[in-house]
Each structure stands twice: as structure tokens, then as C-alpha cells.
Amino acid sequence: MTKLINRRSLLAGASAALALPACLSSKKKMDADILVLGAGLAGLNTAKLLTEFGKDVLVLEAKRRAGGRLYTIEHENGYTEGGGEQVGAGYARILDLARQLNVGLLPESRTPRTTGYVHQGKWLSEEEFKSLSPFPESFKNSPPGAPLFQIAARENIFETADGWLTPPKGADESVNSILSKYGFSAGAKDIIDRALNGNDIETYSMLNVHRSLQLYTQSRQMGPSYSIEKGSQSLPEAMAKSLPRPIQYDSNISGIKVDEEAVEITLANGRIFRAAEAVCCLPFAALRRVNIVAPLSQVQNQAIKSLPYTQILQFHFKASSAFWEKDGLPVDMWSDTPLERIFSNLDPDGNPTGLFRCWINGKGTKHWANQDANSAKAAFLEKLGEIRPSTKGSIEDVKIVDWTKNNPLAGGSYMHWAPGQVEKWAQTMGAPAGRLHFAGEHLGVLHTGMEAAMESSENTALRVMNGS
């Protein structure tokens, strides 16, 4: 099982490890003590911790920016978030790091959001949608994203934050199977599928829902959530600036080779880096394209090959006029069209800023998969104008964020578990493979998302320093 630590034990373990003499006999040049692969949160925090412990650390990053799946999209009059953004009250590591680096935090708006529904070609208010809902009677008053969490709340199966590692019988079934047990029809399931932050209700374990609900409940009990002032990407940018060695950008990794004395990293351009150890913070969906020669276990090979990552495609855009005032409809939208969901940015008073995200999940991304950027933008504007005529001529600055298999450096957005994978993989897929270590949000135990990346990097940093 993953070892859970706090910062005090991390520092104590590191201090002891620093007293150990180096024992490498290789005469080949080393580029650093430790190479960190990927400049997302996990990679940057790993590098920060190991540097604090006296190690010479070099971060290799394929893109020309730090942040990984934190990605702030700049617009003329503000920004939208293409990746992680919500900082829960229980995100102690993120909160502490933001204070250390003087990165501002903004409390979440308490203003309720209003949503309009486009269903079977008609605009419906929330009440009209509920009256026509195909959900079973006990879920009739639920919006599309609510039934799964209502089911999870009824069962309340976890007593501890790491209870998901040993789930009770029935918790690791597919969402599709659970919905069938509660009497949801095929049409009702399709509605839920469009609001699911996963790929497919058949390949999404109900365990993800139980875990998310528990973490959300704990966080809400601790206080309000936050967003990062000036955009989420400002946090990893501050982390990158705090490192003594500049990040090696444009370092697209094509190969990892581990032997008894070193780890050798080969880039796509043929350049080779060597170090005594390496920490791989790439998501498994991106690691699949890398040639790995290392003592990986069968579990790790399977997990790298098959761990699901949610496919997400987003259209970010700006409105040049307040189209929602023109048509009098709610500013946010849920639809059964290829646009799926649209969310407005709100100011601290809860008013729309004129910046939006269209969010398309899972199977819905396939509709857009074979279109180039210009064709996709044109199709997006046409469909938006079709379902909401007031937007015609008032949409500009359309930008696409692609967290799908078409983006080889990510392969998807955040990971989730498919039915049956937790018992087989969860406790061992992050084990070191010789001198190659792993960290990332996919290896979090007590958290998911941004805080999982931080938690995992702490655990891995201690393991590296302790030589285990």
C-alpha cells in the first residue's frame, strides 16, 4: 500500500538519506543527480522538495510552458481555465505552497448558477426539464449530474479517505450497472452520460463517484473552496521560477532506459540525459508512447497501457455582447447536442463576465476528433447559433483545448478507474522500477486532482531520498 507521510517525516527521512555516500561507479557524464520528467504539479513539487534536500535536479518538459494539466487561457478581458482550477479547503499542500510563493487565492463565489436545458430540440427551464425527465420517480427532481451522487450518498460506503483501496462488494461495479439496478432507462442513462466527467458509464467504476463524494463532503466541512488569482497556471509558473535550475523545455521524451547505475532519458530529437535516478511524473496516457526499458512489474505494464483518462474537448470563447440578456435565457447550458455543456465565467458578484467554456466529455469528443481546428471552430459556431440564435455574430476569440488522445503529451485529462482495476492495480502500480520512480495525480491515495499530484510527489520524494 502507498506509504502516507507528512512534511516533518519527509524532512527527517531526507536528512538521514543525505548522510549516505554516493556509490555510483559509472564514468559516464551525469546531467543531474535526479531527472524529473514532466513540469506539471507533481513534477515541479518533486523537483522543489528534492532540491530542498540538497539534490541537483533537472526537470525535462515536452512543452514550452510549465503547468501540465493546469492551463490558463488568456483573453483580452480576462481568462478561462482549460484544466484544473478548484482548490478545495482540504488541499493543504496547495494552500501552503500558494502562501509560500505569494500566489493569491480567491474564495469561490456563493452565487447559485442557473442552467437552461436543450433537450430534443427544445429549450427548457430547470423545472420544465424535471417535469419531462425520464429519470425514475425518486430522482425526478434531479438535474443530469445529480443522480449518481444521490445514489452514492444513500450507500455511504467509506469510513476513511483511503477506504476506496479495499472497496466493499458492489462498489466497484460500472455506473451503467448501478443505474440499471435503480431503474434508469437507456434514455435516462444517456442524459447522465453527458454530465459524467468520465468516458462512458459502462467503463466508469461507481467507485469514482463514491470517492469523489466523500472528498467533496470532507472539503465542504472544512470551508469554502478557492481559485488561484490570475489563473491556475500562475502557481506552477511560480514553482518553476523557484527552482535553481531552469526547466529544460521542448524536451519531448521518446525513451527511458534503466540500468544498475543510472537512468538514461532519450528525447525525440536524439539528445540523451543521464542521472542516478529519475522520477516520471507523466500521466500513464502519455507514457504509453514512450519506449521503456526498465524492470516494470506486470501490473505496471498493464496500468500504463490501460488506465483510463477522461477524454475532454473544450471550446473557450468571448461574447462581444450580452446575448443572454437579449434572449432572457439562463447563461449556462446543458444540451443533448454535440456541444453538451457550456459554462460562463462569473465575477465575484455572480454576474457573467462574457467569457465561456464549452465542455465536451468522453464519447462526445469523437464527434470532433477528425476535424482540424478551423473546421471545428466553424462547426462549433454554427451549432451554437442553431441552438441559441442570440449568439450569432456575438462570439469571438474561440480557442480549443484538447485533452484527448489527439494530444499525445496528455492522452486525456484526469484519470479514473474502470470496474475491477482498483483491486488489481491501485496499491502497486506506483512502485519504483529500479532507479525509476513514479508520481502524479493518478497515484494519489487521500486526494484526487491537484492535491493528489502534491501528495504523490511528497511520498515519492521521501522514497527517493531513503533509497527505497
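Novice: Talk me through the overall build of the protein; I want residue IDs and the actual numbers.
Specialist: The helix and strand inventory of the protein stands at 15 helices and 18 strands. For 468 residues, the compact-globule estimate of 2.2 N^0.38 gives 23 Å, and the protein sits close to it at 23 Å. Based on the C-alpha atoms only, the size of the protein along its principal axes is roughly 70 × 50 × 40 Å. Taken across its 468 residues, the protein has 53% of its residues classed as buried. A sequence separation of at least 24 residues applies to 75% of the contacts in the protein between residues at least 6 apart. For the protein, the exposed surface amounts to about 20,600 Å²; the carbon and sulfur share of it is 50%. Treating the 50 positive side-chain charges of the protein as one cloud and the 50 negative ones as another, the clouds have centres 4 Å apart.

Novice: Any chance you could break down the side chain of Arg341 for me, citing the residues and the numbers?
Specialist: Inspection of the secondary structure puts Arg341 in strand S15 (residues 341-346). As a buried residue without a salt bridge, Arg341 has its nearest oppositely charged side chain in Glu340, at a separation of 5.4 Å. Reaching out from Arg341, the side chain makes a polar contact with the side chain of Asn197 at a distance of 2.8 Å. Apart from the residues within four sequence positions on either side, Arg341 is in contact with Arg194, Ala195, Asn197, Met333, Trp334, Arg357, Cys358, Trp359 and Asn361.

Novice: Explain the sheet that holds strand S6 (residues 115-119) to me, and be specific about the residues and the numbers.
Specialist: Where strands meet in a sheet, backbone hydrogen bonds hold them as pairs that are either parallel or antiparallel. Strand order in the open sheet formed by seven strands is S7-S6-S14-S15-S16-S13-S17, and the pairing between neighbours is mixed. Either end of the sheet is taken by a strand with one partner, and the two such strands are strand S7 (122-124) and strand S17 (395-403). Neighbour-to-neighbour, the strand axes of the sheet open up by a mean angle of 20 degrees, direction not taken into account. Summarising the sheet, S6 and strand S14 (residues 332-335) pair through four bridges and their orientation is parallel. Bridging across to S14, Tyr117 finds its partner in Trp334. Along the sheet face, helix H7 (residues 186-195) touches S6, S14, S15 and strand S16 (352-361) and points at about 135 degrees away from the line of S14. In the packing of helix H13 (residues 373-387) onto the sheet, contacts are made with S7, strand S13 (312-319), S14, S15, S16 and S17, and the angle to S17 comes to roughly 120 degrees.

Novice: If you had to explain the pattern of salt bridges to someone new, which residues and values would you point to?
Specialist: In this structure the tally under the stated criterion is 25 salt bridges. When the shortest N-O distance is used, the salt bridge between Arg220 and Glu108 registers 2.4 Å. In this pair, Arg220 sits in helix H8 (residues 206-222) while Glu108 sits in the loop between strand S5 (105-107) and S6, placing the two residues 112 residues apart along the sequence. One continuous salt-bridge network, built from bridges that share partners, spans Glu76, Lys318 and Glu396.

Novice: Account for helix H11 (residues 298-306), with residues named and values stated.
Specialist: Along H11, the residues classified as buried are Val299, Gln300, Ala303 and Ile304. Along the long axis of H11, the arc covered by the buried residues comes to 125 degrees, so they all point the same way. For H11, exposure combined with an orientation more than 90 degrees from the buried face picks out Gln298 and Lys305. Those residues of H11 that are buried are in contact with helix H10 (284-287), strand S12 (291-293), helix H14 (421-425) and strand S18 (436-438).

Novice: Go over the packing of aromatic side chains, please, and point to the residues and values.
Specialist: For the coordinates displayed, the defined rule picks out 17 aromatic pairs. Look at Phe139 and Tyr182: their rings are 6.1 Å apart centre to centre, the planes differ by 80 degrees, and that puts the pair in the edge-to-face class. Of the two residues, Phe139 sits in the loop between helix H4 (126-132) and helix H5 (147-155) while Tyr182 sits in the loop between helix H6 (175-181) and H7, which places them 43 residues apart along the sequence. Here Tyr182 falls in the partly exposed class, since its relative accessible area comes to 27%. One aromatic cluster is present, built from ring pairs that chain together Phe315, Phe317, Phe323, Trp324, Phe356, Trp368 and Phe380. Between the NZ or CZ atom of Arg211 and the centre of the ring of Trp164, over which it lies, the distance is 4.0 Å.

Novice: Break down the nonpolar core for me, with residues and values.
Specialist: Core analysis: the biggest nonpolar cluster contains 42 residues, and Ile256 and Ile265 have the highest contact counts within it. Considering each element in turn, this core owes the most residues, four residues, to strand S11 (residues 272-280). If near-sequence neighbours (up to four positions away) are discounted, Ile256 is found in contact with Leu37, Val263, Glu264, Ile265, Leu287, Val290, Asn291, Ile292, Val293 and Leu436. By size, the runner-up hydrophobic cluster in this structure holds 37 residues, among which are Val36, Ala42, Ile247 and Val279.

Novice: Could you give an account of the side chain of Arg357, naming the residues involved and the relevant values?
Specialist: Following the sequence through the fold, Arg357 ends up in strand S16. A polar contact of 3.0 Å, which involves the side chain of Arg357, links it to the backbone oxygen of Glu81.

Novice: I'd love a proper account of the packing of H5 against H8, names of residues and values included.
Specialist: Direction vectors running N to C along H5 and H8 enclose 75 degrees, while the axes themselves pass 9 Å from each other. The angle between H5 and H8 falls in the class roughly perpendicular. Taking contact as the criterion, the partners of Leu148, Phe149, Ile151, Ala152, Ala153 and Glu155 in H5 are, on H8, Met206, Val209, His210, Ser212 and Leu213. Residues belonging to the contact of H5 with H8 are distributed by class as follows: eight nonpolar, two polar and one charged.

Cut-offs and rules
Residues numbered from 1 in each chain as written. Predicted model: local features only at pLDDT ≥ 70, side-chain atom pairs only at ≥ 80, totals over all residues. Heavy atoms only, no water. Helix = DSSP H or I, 4+ residues; strand = E, 2+ residues; numbered from the N terminus. Rg over C-alpha atoms; globule rule 2.2 N^0.38 Å. Buried < 20%, exposed > 50% of the residue type's maximum accessible area, 1.4 Å probe, protein only. Contact = heavy atoms within 4.5 Å. Areas by Shrake-Rupley, 256 points an atom, 1.4 Å probe, with all protein chains shown as cover. Lys, Arg positive; Asp, Glu negative; His and termini not counted. Charge placed at Lys NZ, Arg CZ, Asp CG, Glu CD. Salt bridge = Lys/Arg side-chain N within 4 Å of Asp/Glu carboxyl O. Polar contact = N/O pair within 3.5 Å; in protein donor to acceptor, adjacent residues only side chain to side chain. Pairing = 2+ DSSP bridges. Axes fitted to C-alpha atoms, helices over the stretch in contact; angles between N-to-C directions. Arc of directions from axis to C-beta. Phe/Tyr/Trp six-rings, centres within 6.5 Å; stacked < 30°, edge-to-face > 60°. Lys NZ or Arg CZ within 6 Å of the ring centre and 35° of its normal. Core = buried A, V, L, I, M, F, W, Y, C linked by side-chain atoms within 4.5 Å. Parallel < 35°, antiparallel > 145°, perpendicular 65-115°, else oblique. Nonpolar A, V, L, I, M, F, W, Y, C, P; charged D, E, K, R; others polar.

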